[in-house]
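# What the coordinates show
As a plain string of letters, each chain reads:
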Amino acid sequence: MKITVQSSKAVRPDYGSDDDGAAPSAADAVPLSVFDKVNFDTYVSVIYVFRPPMPPNAALEAGLARALAEYREWAGRLGVDADGNRAILLTDEGARLVQATADVTLHSVLPLRPTREVTSLHPSGGDGDGAQELMLVQVTRFACGSVAVGLTAQHLVSDGRATSNFFVAWSQATRGAAVDPAPVHDRASFFAPRDPPLVEFEHRGVEYKHKQTPAQHVTERSVSDGDGEDDEVVVHKVHFSREFIAKLKSEASPPAGTGAPHHHRLSCSALRCVVAHLWRCVTAARGLPAGAATSVRIAVDGRVRMTPRVPEGYTGNVVLWARPTAMARDLVTRPLRHAVEVINRGLARVDEDYFRSFVDFASSGAVEEEGLVPTADAAETVLSPNIEVDSWLRMPFYELDFGGGRPFFFMPSYLAVEGLLIVMPSYFGDGSIDAYVPLFSRHINAFKNLCYSMSLN
């Protein structure tokens, strides 16, 4: 598959003719919230694929310009505001739009696999010299008329839910529909610290850590990598059917006769059962020592946990993480329901009190005084003995419609971070789930042999 770039340009917001195309009166900068600052300072790329017909590139560009008028953050740049706080500068310099062609039909390269080759279907983020777009888009037209839309977005601007809302807004603007949900840009009032503040939980070593020296970082990497530091990371895609997920739910339920009501015995969500299963399989495939501790870092959306609820259209990050932890021997030898119970307890701790405690701590000045930095480290490339699971199950990926129908396929780009798993709805749309699992190549065969089995023994 040869991809040829035809053009690359900045697309600025289109505010219409009512005010001569000028930007609305607004602040010049949006300070990053405490949730933005603690998130991954990196770019995330995804790829949508549409069958023909699709609007011409000029219509997609015009829709993007109108969507950027609603979401000015994505047309801005990262910098500092007048008070010296890190902020999104509303410069209206624009998002990057790349137009490209492929020399093959889409059918000839399906199914798209999570390999380095797919990175040619989206732009890379960051140019290394300070002035860089926060949103980059590539529209690639295949010989058959099918279109791949690759999007690359800076994670400090928004989390997955908010970024997906922007993608949907672009498709709505392209076909002339109203933007829904309406974006909510206020990043200050929802996360104001309490008076007096109440830090009920420990956040050092959880969301924040002390800055490491290069020597410390090398030491930790050598411990986690073992003798395979140069081993290749392979991303393996797993498809879990509805029937297999039903079996996982059954395995996760307490045995009959324990006194648990039937509806409690079947209460494990599909996500928690799949995460528990993957955690066990990865632990076994890695061959971790029986006494090793392993944790699974799970993103938790604060929109539904905080009161008043954060609006659906909120444009920033509202994510913290649960870190359920277990001993490797317990994960591998005990039933699936043990892993589910560990996960349930970990997720239950990240409630509204925890989110509010985090806001109070992050706003207290302790982070600056102690020189703390986020534990969400984009430079980390090996997570073993731990894993991280990002759930994209509730994101509106398949709601994009530029006027020619919804995407028939969606995937994250190739991201070779060992142990960083992405769980998402299958494009079949039947309740099945796909998981992208990056592991060292020496562990892949063992994982493949385990991932569709109910028993690890």
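The model shown is predicted, which means the values in this text are computed figures rather than measured ones.

Rules behind the numbers
Residues numbered from 1 in each chain as written. Predicted model: local features only at pLDDT ≥ 70, side-chain atom pairs only at ≥ 80, totals over all residues. Heavy atoms only, no water. 1 Å grid on protein atoms, 1.4 Å probe; cavity = no way out; pocket = protein on both sides within 12 Å on 5 of 7 lines; lining within 4 Å. Points joined across faces, edges and corners; volume = space filled by probe spheres on them. Helix = DSSP H or I, 4+ residues; strand = E, 2+ residues; numbered from the N terminus. Nonpolar A, V, L, I, M, F, W, Y, C, P; charged D, E, K, R; others polar. Phe/Tyr/Trp six-rings, centres within 6.5 Å; stacked < 30°, edge-to-face > 60°. Buried < 20%, exposed > 50% of the residue type's maximum accessible area, 1.4 Å probe, protein only. Arc of directions from axis to C-beta. Contact = heavy atoms within 4.5 Å. Expected span 1.5 Å × (residues − 1). Pairing = 2+ DSSP bridges. Axes fitted to C-alpha atoms, helices over the stretch in contact; angles between N-to-C directions. Polar contact = N/O pair within 3.5 Å; in protein donor to acceptor, adjacent residues only side chain to side chain. Salt bridge = Lys/Arg side-chain N within 4 Å of Asp/Glu carboxyl O. pLDDT = per-residue confidence, 0-100. Disulfide = S-S within 2.5 Å.

Moving on to empty space enclosed by the protein. For the structure shown, the criterion picks out one cavity of 30 Å³ or more. Lining the largest cavity, in full, are Pro114, Val235, Pro412, Ser413, Tyr414, Leu415, Leu420, Ile422, Tyr436 and Pro438. Those elements that provide at least two residues to the lining of the largest cavity are β17 (420-425) and β18 (433-440). Classifying every residue of the lining of the largest cavity gives nine nonpolar, one polar and no charged.

Moving on, we come to the packing of aromatic side chains. Two numbers describe a pair of aromatic rings. These are the distance of the centres and the angle of the planes. The tally for this structure, following the rule as stated, stands at 27 aromatic pairs. Arranged with centres 6.1 Å apart and planes meeting at 90 degrees, the rings of Tyr48 and Phe167 form a pair that is edge-to-face. Within this pair, whereas Tyr48 is found in strand β3 (residues 43-50), its partner Phe167 is found in helix α3 (residues 160-174), the two being separated by 119 residues in sequence. Classification of Tyr48 by relative accessible area gives buried; the value is 0%.

Once that is clear, we can look at helix α5 (residues 242-252). Buried within α5 are the following residues: Phe244, Ile245, Leu248 and Ala252. End-on view of α5: buried residues confined to an arc of 100 degrees, all on one side of the axis. Tucked inside the fold, the buried residues of α5 contact β10 (233-240), α7 (270-286), α9 (336-349) and β18.

Here we come to α7. Over its 17 residues, α7 runs 24 Å from end to end, which matches the ideal 24 Å to within 8%, given 1.5 Å per residue. Among the 17 residues of α7, 13 are classified as buried, and the element is accordingly described as predominantly covered. Where α7 ends, the next residue or the one after it, Gly287, has phi of about 65 degrees, a positive value.

This paragraph deals with the sheet that holds strand β2 (residues 29-31). One open sheet accounts for three strands, arranged β2-β5-β4; its pairing is antiparallel. Every other strand in the sheet has two partners, leaving β2 and β4 (77-80) as the edge strands with one partner each. Each strand of the sheet is rotated relative to its neighbour by a mean of 40 degrees, with strand direction disregarded. Strand direction decides the pairing type here: β4 and strand β5 (residues 86-89), joined by four bridges, are antiparallel. Looking at the pairing, Leu78 lines up with Ile88 of β5.

Cis geometry marks the peptide bond from Leu110 to Pro111; its omega dihedral reads -5 degrees. Positioned with a positive phi, Asp92 is a non-glycine residue whose angle comes to about 60 degrees. Along the chain, the position of Asp92 falls in the loop between β5 and β6 (95-102).

So, on to the side chain of Asn57. Within the secondary structure, Asn57 sits in helix α2 (residues 57-70). At 2.9 Å, the side chain of Asn57 forms a polar contact with the side chain of Gln99. In contact with Asn57, other than residues within four places in its own chain, are Gln99, Val139 and Arg141.

With that out of the way, let us pick up the pattern of salt bridges. According to the stated counting rule, one finds 17 salt bridges in the structure shown. For Arg72, the salt bridge identified is with Asp92, shortest N-O distance 3.2 Å. In this pair, Arg72 is assigned in the loop between α2 and β4 and Asp92 in the loop between β5 and β6, connecting sequence segments 20 residues apart. Like Asp92, Arg72 is buried. Taking the shortest distance from any N to any O, the salt bridge between Lys237 and Asp434 comes out at 3.8 Å. In this pair, Lys237 sits in strand β10 while Asp434 sits in strand β18, placing the two residues 197 residues apart along the sequence. Lys237 sits in the partly exposed class, given a relative accessible area of 26%. Among the ionic contacts, a cluster of salt bridges with common partners joins Asp36, Glu73 and Arg187.

This part takes up the confidence of the model for the protein. Here the protein shows a mean pLDDT of 91. Residues at 70 or above account for 90%. In the predicted structure, residues 215-227 sits below a pLDDT of 50 and forms nine contacts with residues beyond four places in sequence or in another chain. A low-confidence stretch, residues 261-266 (pLDDT under 50), is modelled with seven contacts involving residues beyond four sequence positions or located in other chains.

Our next topic: the state of the cysteines. This model, assessed by the stated rule, comprises one disulfide. Covalent S-S linkage joins Cys268 and Cys273, the inter-sulfur distance amounting to 2.2 Å. Taking relative accessible area as the criterion, Cys268 reaches 10% and is therefore assigned buried. Cys273 gets classed as buried once you look at its relative accessible area, which sits at 0%. In this structure Cys451 is not part of a disulfide, and its nearest cysteine sulfur, from Cys281, lies 6.4 Å away.

What follows concerns the pairing of strand β11 (residues 293-301). Where β11 meets strand β13 (residues 325-327), three bridges bridge the pair, whose relative direction is antiparallel. Residue pairing across strands places Thr294 opposite Ala326, the latter belonging to β13. As judged from the three bridges shared by β11 and strand β15 (residues 387-391), these two strands associate in the parallel manner. Bridge pairing links Arg297 to Glu388 in β15. Alignment of β11 against strand β12 (residues 319-322), held across four bridges, turns out to be antiparallel. Note that in β12 the partner of Val300 across the bridge is Leu320.

With that settled, consider the layout of surface pockets. Using a probe with the size of a water molecule, rolled over the atoms, empty space left in the structure can be pinpointed. What the second largest pocket holds in volume is close to 550 Å³. Every residue lining the second largest pocket is counted, 24 residues in all, and those nearest its centre are Lys37, Leu372, Val373, Pro374 and Ala376. At the level of elements, α1 (34-37), β9 (208-210), α11 (366-370) and β14 (372-374) are the ones that each hand at least two residues to the lining of the second largest pocket. Residue classes in the lining of the second largest pocket are distributed as 13 nonpolar, four polar and seven charged.

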